[in-house]
Amino acid sequence: QVQLVESGGGLVQPGGSLRLSCAASRSRFGFNVMGWYRQAPGKQRELVATITSGRNTNYADSVKGRFTISRDNAKNTVYLQMNSLKPEDTAVYYCNYKSGGYDYWGQGTQVTVSS
């Protein structure tokens, strides 16, 4: 079992920045993918960004150029640096860890972009 603990959400004005962190209780041996998804009220959960254990990244078109995903394998932690935030980025952000057919989710952290 892998537990994921997210932090860093909050309220920010449009154009501002936030940094989300997600610490995994342990890592599974071998290839894995860590990522961030988000779910706005009344909408389906959507991919924001992912990063493999080899540090290959993938981003949703809506966040390219504004968000950066990174990871520290020694700390089993993934980060999401969010810049130039927009009101439409408001959502609950969930951390995800995939490895060996297993799929783990964090509890989610609220990000609200509003003036």
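Thresholds, definitions, all that
Residues numbered from 1 in each chain as written. Predicted model: local features only at pLDDT ≥ 70, side-chain atom pairs only at ≥ 80, totals over all residues. Heavy atoms only, no water. Pairing = 2+ DSSP bridges. Helix = DSSP H or I, 4+ residues; strand = E, 2+ residues; numbered from the N terminus. Axes fitted to C-alpha atoms, helices over the stretch in contact; angles between N-to-C directions. Disulfide = S-S within 2.5 Å. Buried < 20%, exposed > 50% of the residue type's maximum accessible area, 1.4 Å probe, protein only. Salt bridge = Lys/Arg side-chain N within 4 Å of Asp/Glu carboxyl O. Core = buried A, V, L, I, M, F, W, Y, C linked by side-chain atoms within 4.5 Å.

This brings us to the sheet that holds strand β7 (residues 67-72). In space, the four strands of this open sheet follow the order β1-β3-β8-β7, with antiparallel pairing throughout. A strand with exactly one partner marks an edge of an open sheet, and here the two such strands are β1 (4-7) and β7. In this sheet, adjacent strand axes meet at a mean angle of 15° when their direction is disregarded. Sheet topology note: the strand β3 (residues 18-24)/strand β8 (residues 77-82) ladder contains six bridges and is antiparallel. Within β8, the residue paired with C22 across the bridge is V78.

Under the counting rule described, the total for this entry stands at one disulfide. A sulfur-sulfur separation of 2.0 Å characterises the disulfide bridge that pairs C22 with C95. Measuring the twist about the S-S bond at about -85°, one finds the C22-C95 disulfide to be left-handed. You can see C22 sitting in strand β3 and its partner C95 sitting in strand β9 (residues 91-99), a full 73 residues away along the chain. Note on accessibility: C22 and C95 belong to one class, buried.

Here the structure, examined in full by the defined rule, presents five salt bridges. For D61, the salt bridge is made with K64, and the minimal N-O distance between the two is 3.1 Å. For the residue pair D61 and K64, the accessibility class agrees, reading exposed in each case. The partner of R66 in a salt bridge is D89, with the nearest N and O atoms 2.7 Å apart. In this pair, R66 is assigned in the loop between β6 (57-59) and β7 and D89 in the loop between β8 and β9, connecting sequence segments 23 residues apart. D89 matches R66 in its accessibility class, with the two residues each being buried. Through salt bridges with shared partners, a single network forms among R38, E46, R66 and D89.

Before going further, it helps to examine the nonpolar core. One finds W36, L80, M82 and Y93 to be the most contacted residues of the largest nonpolar core, which totals 29 residues. When contributions to this core are tallied by element, the ones reaching two or more residues are β3, β4 (33-39), β5 (46-52), β7, β8, β9 and β11 (109-113).

Because side chains alternate across β7, one face comprises the buried residues F67, I69 and R71, and the other comprises T68, S70 and D72, none of which is buried. As paired elements, β7 and β8 share six bridges and run antiparallel to each other. Note on β8: the bridge partner recorded for F67 is M82. The antiparallel pairing of β7 with β8 creates a hairpin that spans four residues between the two strands, and N76 there sits at a positive phi of about 50°.

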